[in-house]
Amino acid sequence: EAQKFISELKSVLFLLSDKLQTDAPEQIYNLAVLAMQFELYDVSLDLIDSAPRTMAGEWLKAEMLYESGRYLELLKHIENIENQMVQTAEATYGAIYLKAQGYFGLGQKEIAIRLLESLSDKAPNYRSTQALLHEWKTS
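Before going into details, it helps to say that this report is about the structure given with it. (Residues numbered from 1 in each chain as written. Predicted model: local features only at pLDDT ≥ 70, side-chain atom pairs only at ≥ 80, totals over all residues. Heavy atoms only, no water.)

1. Let's talk about the overall build of the chain
(1) Moving on: For the chain, the helix and strand inventory stands at eight helices and zero strands.
(2) Moving on: Reading the chain from its N end, one meets helices and strands in the order α-α-α-α-α-α-α-α.
(3) Moving on: With the C-alpha coordinates aligned to their principal axes, the bounding extent of the chain is approximately 45 × 40 × 25 Å.
(4) Moving on: Put simply, the chain has 139 residues, and 37% of those count as buried.
(5) Moving on: In the chain, 13 side chains carry a positive charge and 20 a negative one; their mean positions are 4 Å apart. (Helix = DSSP H or I, 4+ residues; strand = E, 2+ residues; numbered from the N terminus. Buried < 20%, exposed > 50% of the residue type's maximum accessible area, 1.4 Å probe, protein only. Lys, Arg positive; Asp, Glu negative; His and termini not counted. Charge placed at Lys NZ, Arg CZ, Asp CG, Glu CD.)

Laid out in structure tokens, this is it:
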């Protein structure tokens, strides 16, 4: 029963995406987020790849890669984002934060901790930096 529902949901999401391509392509991001909410990560990534390219979309894709456990792809994607983005403090913080999580996911705990410590020095209240540092250092 659940598999049937998931299969039908995937079909509906892709049909909606096809329709939105011409009517309102920016709404495809909402479909991608919906798919991610159902933990349909492959679907969410396929949808986001069919959406118009924006920096916000690239960051959303990075979050999807993290949530789906695709840490190596996440690190490569963050590198691509860094090469394209305007260097702002917020963008740099986001890149460091996601890189740390990617490295931690790949088992590179020391690198992850060093990245978060460097982020903590500049922006101690950024997202859950302090909580992650505490968790990673005590695990």
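From this point, the discussion proceeds with the structure in view.
2. Structural notes on the pattern of salt bridges
Oppositely charged side chains can pair when the atoms bearing their charge come close.
(1) Moving on: This model, assessed by the stated rule, comprises eight salt bridges.
(2) Moving on: Of the charged contacts, one joins E8 and K4 as a salt bridge, the two residues approaching to 4.0 Å between their closest N and O atoms. Of this pair, E8 and K4 both sit in helix α1 (residues 2–23), four residues apart, which is roughly one turn of that helix.
(3) Moving on: Overall, the relative accessible area of 43% leaves E8 in the partly exposed class.
(4) Moving on: Classification of K4 as exposed rests on a relative accessible area of 54%.
(5) Moving on: Across the pair E63 and R127 runs a salt bridge whose closest N-O atoms are separated by 2.9 Å. (Salt bridge = Lys/Arg side-chain N within 4 Å of Asp/Glu carboxyl O.)

3. Section: unusual backbone geometry
(1) Moving on: The phi dihedral of E39 falls on the positive side, at around 60 degrees, and the residue is not glycine.
(2) Moving on: Tracing the sequence through the fold places E39 in the loop between α2 (28–37) and α3 (41–50).
(3) Moving on: For E39, a relative accessible area of 56% translates into the label exposed.
(4) Moving on: If you check the backbone angles, R127 has positive phi at about 45 degrees while not being a glycine.
(5) Moving on: Within the secondary structure, R127 is located in the loop between α7 (109–122) and α8 (129–138).

4. Quick notes on the nonpolar core
(1) Moving on: By size, the foremost hydrophobic cluster in this structure holds 27 residues, and its most contacted members are L13, L47 and I78.
(2) Moving on: Element by element, the count of residues in this core is highest for α2, at six residues.
(3) Moving on: With residues near it in sequence (within four places) discarded, L47 still touches L13, F14, S17, I28, L31, A32 and A35.
(4) Moving on: Listed in part, the 13 residues of the second largest apolar core include Y97, A112, L115 and L119. (Core = buried A, V, L, I, M, F, W, Y, C linked by side-chain atoms within 4.5 Å. Contact = heavy atoms within 4.5 Å.)

5. Brief notes about the packing of helix α6 (residues 89–105) against α7
(1) Moving on: The interhelical angle for the contact between α6 and α7, taken along N-to-C directions, is 160 degrees, at an axis separation of 7 Å. The pairing of α6 with α7 is recorded here as roughly antiparallel in orientation. For the pair α6 and α7, the sense of crossing is left-handed. Mapping the contact onto sequence places Y93, I96, Y97, K99, A100, Y103 and F104 in α6 and K109, I111, A112, L115, L116, S118, L119 and K122 in α7. (Axes fitted to C-alpha atoms, helices over the stretch in contact; angles between N-to-C directions. Parallel < 35°, antiparallel > 145°, perpendicular 65-115°, else oblique. Left-handed = near helix turned anticlockwise from the far one by under 90°.)

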